[in-house]
Amino acid sequence: QVQLVESGGGLVQAGGSLRLSCAASGSIFSINVMSWYRQAPGKERELVAGINRGGVTNYADSVKGRFTISTDNAKNTVYLQMNSLKSEDTAVYYCKANVKTSSGRWPLDYWGQGTQVTVSS
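In what follows, the accompanying structure is described. (Residues numbered from 1 in each chain as written. Predicted model: local features only at pLDDT ≥ 70, side-chain atom pairs only at ≥ 80, totals over all residues. Heavy atoms only, no water.)

1. What about the environment of glycine 114?
Consideration 1: Position of glycine 114 among the secondary structure elements: in the loop between strand S10 (108–111) and strand S11 (115–120).
Consideration 2: Taking the C-alpha atoms as reference points, glycine 114 and leucine 4, 110 residues apart in sequence, are found 9.6 Å from one another.
Consideration 3: Once residues lying within four places of it in the same chain are set aside, the contact partners of glycine 114 are Glu6, Val92, Tyr93 and Tyr94. (Helix = DSSP H or I, 4+ residues; strand = E, 2+ residues; numbered from the N terminus. Contact = heavy atoms within 4.5 Å.)

2. Quick word on the state of the cysteines
Consideration 1: Under the counting rule described, the total for this entry stands at one disulfide.
Consideration 2: Shown here is the disulfide that connects cysteine 22 with cysteine 95, its sulfur atoms set 2.2 Å apart. Between cysteine 22 and cysteine 95 the disulfide shows an S-S torsion of about -80°. By sign, it is left-handed. One end of the pair, cysteine 22, is in strand S3 (residues 18–26); the other, cysteine 95, is in strand S9 (residues 91–101), with 73 residues separating them in the sequence. In this structure, cysteine 22 and cysteine 95 share a single accessibility class: buried. (Disulfide = S-S within 2.5 Å. Buried < 20%, exposed > 50% of the residue type's maximum accessible area, 1.4 Å probe, protein only.)

3. A word on the packing of aromatic side chains
Consideration 1: Going through the model one piece at a time under the given rule, you end up with one aromatic pair.
Consideration 2: With a centroid separation of 5.1 Å and an interplanar angle of 55°, the aromatic rings of tyrosine 37 and tryptophan 111 are classed as tilted. On the criterion of sequence distance, the pair formed by tyrosine 37 in strand S4 (residues 28–39) and tryptophan 111 in strand S10 is long-range, its members being 74 residues apart.
Consideration 3: Classification of tyrosine 37 by relative accessible area gives buried; the value is 17%.
Consideration 4: We note arginine 45 situated over the ring of tyrosine 94; from NZ or CZ to the ring centre the distance is 3.8 Å. (Phe/Tyr/Trp six-rings, centres within 6.5 Å; stacked < 30°, edge-to-face > 60°. Lys NZ or Arg CZ within 6 Å of the ring centre and 35° of its normal.)

4. With respect to the pattern of salt bridges
Consideration 1: On inspection of all chains with the given rule, the structure shows five salt bridges.
Consideration 2: For arginine 66, the salt bridge goes to aspartate 89, with nearest N and O atoms at 2.8 Å. Of this pair, arginine 66 sits in the loop between strand S6 (57–59) and strand S7 (67–72) while aspartate 89 is found in the loop between strand S8 (77–82) and S9, placing the two residues 23 residues apart along the sequence. For the pair formed by arginine 66 and aspartate 89, the shared burial category is buried. (Salt bridge = Lys/Arg side-chain N within 4 Å of Asp/Glu carboxyl O.)

5. Observations regarding the environment of lysine 75
Consideration 1: Among the structural elements, lysine 75 can be located in the loop between S7 and S8.
Consideration 2: With a relative accessible area of 57%, lysine 75 lands in the exposed category.
Consideration 3: Spatially, the C-alpha atoms of lysine 75 and asparagine 98 are 15 Å apart, while their sequence positions differ by 23 residues.

Structural data, given as structure tokens:
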């Protein structure tokens, strides 16, 4: 019913910047929350940032002040602007959206395929 397509990952040097994008498509009635998670090798998947329909955001302490989450509601797209990147930011980044579809009775979570971010020191 819903597909999330991520883009923008790549290889950057420490101190550099990247912007990730995630576009949701399908039979979407409304999106309640969009968020970014990441998973580094040998580590648990962790929440990086989230934003709800009212524009309220939250961030992991490790990225606060460096990363910014935003949305383009008309395009059902969420962005993650990543500045001052560190080697410890290296991970696969995943997009998640809590979506009410046109036929569903309640909202469900949908995940993107992940995009690799590698920061060299």
